[in-house]
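One letter stands for each residue in the lines below.
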Amino acid sequence: MTDLELLTHASAARTLAYAPYSGYSVGAALLCTNGEVYTGCNIENASYTPTVCAERTAVFKAVSQGNQCFTAIAIVGGPAGTPDGYAPPCGVCRQVLNEFCDPSLRVILIDKGEPRATTLGQLLPEGFGPRSLKGD
Ligand code: THU
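Predicted, not measured: the structure shown is a model, and the values here were computed from it. Residues take numbers from 1 onward in each chain, read along the sequence in its written order. The predicted origin of the model limits local features to residues at a pLDDT of at least 70 and limits the giving and counting of side-chain atom pairs to 80 or more, whereas totals for whole chains, interfaces and linings rest on all residues. Only hydrogens and water are set aside when side-chain values are computed; all heavy atoms of the structure are taken into account.

Focus: the nonpolar core
Grouped together as the largest cluster of nonpolar side chains are 21 residues, with contacts concentrated most on Leu30, Phe70, Ile73, Ile75, Leu97, Leu105 and Val107. Every element with two or more residues in this core is listed here: strand 1 (24-32), helix 2 (54-64), strand 3 (70-79), helix 3 (91-100), strand 4 (106-111) and helix 4 (120-123). Ala10, Ala72, Ala74 and Val76 belong to the second largest nonpolar core, which has 10 residues in total. Throughout, nonpolar core names a set of buried Ala, Val, Leu, Ile, Met, Phe, Trp, Tyr and Cys residues whose side chains join them through atoms within 4.5 Å. Partly exposed residues are those whose accessible area sits between 20% and 50% of the maximum for their type, while under 20% is buried and over 50% is exposed, using a 1.4 Å probe and protein chains only. The way it works is that DSSP assigns letters per residue, a run of H or I at least four long becomes a helix, a run of E at least two long becomes a strand, and they are numbered from the N terminus.

Quick look at a nonpolar patch on the surface
Like-charged residues are merged into a patch within 9 Å and nonpolar side chains (Val, Leu, Ile, Met, Phe, Trp, Tyr) within 5 Å, provided each residue has over 30% relative accessible area and no salt bridge. What sets the accessible areas is the Shrake-Rupley method with a 1.4 Å probe; for residues, cover comes only from the shown protein chains. Salt bridge criterion: a side-chain nitrogen from Lys or Arg within 4 Å of a carboxyl oxygen from Asp or Glu. Together, Tyr18, Tyr21, Ile43 and Tyr48 give the surface a local cluster of nonpolar side chains, amounting to about 440 Å² of exposed area. Looking at tyrosine 21, the relative accessible area reads 40%, which means it is partly exposed.

Considering the side chain of threonine 57
With respect to the element layout, threonine 57 can be found in helix 2. Note on contacts: a residue pair is in contact if any heavy atoms of the two residues lie within 4.5 Å. Those residues in contact with threonine 57 that sit more than four places away from it in its chain are Gly40, Cys41, Ile43 and Val52.

Description of the pattern of salt bridges
The tally for this structure, following the rule as stated, stands at 4 salt bridges. For the salt bridge of aspartate 111 with lysine 112, the shortest nitrogen-to-oxygen distance reads 3.9 Å. Relative accessible area serves as the criterion here: at 76%, lysine 112 is assigned to the exposed category.

Written out as structure tokens, the structure is:
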């Protein structure tokens, strides 16, 4: 799966965003080590707090289907109705990714209209994760 193909999955997921309050739609596509792809969109709520981000939707779908090993996530976003743009994951989503993924997880974003890959380790340096609880 190429970065562009994964971004295409994220873009398709973004069209399903439920974001009537912020008007900002996000799509994510999570690539598993076994080649499966799980997509997610942001899903907002009239009570605001229950809103879930696209990235966490994708992670929770994957984990609840028995997949916990990932190699990459593509994320696109922007005001609804605009082209896919730069949508770096929020801090909570970085932390959720850190629960299941190595710092080497590739995070594929659109930056100034072009695909750009970074890593979870670059986005969340010295993160607190499962190994931290064991004293590592
Ligand atoms: N959002 C995401 O889906 N992912 C992020 O990493 C940042 C924010 C969503 C949540 C909310 O529905 C909207 O974008 C505006 O914050």
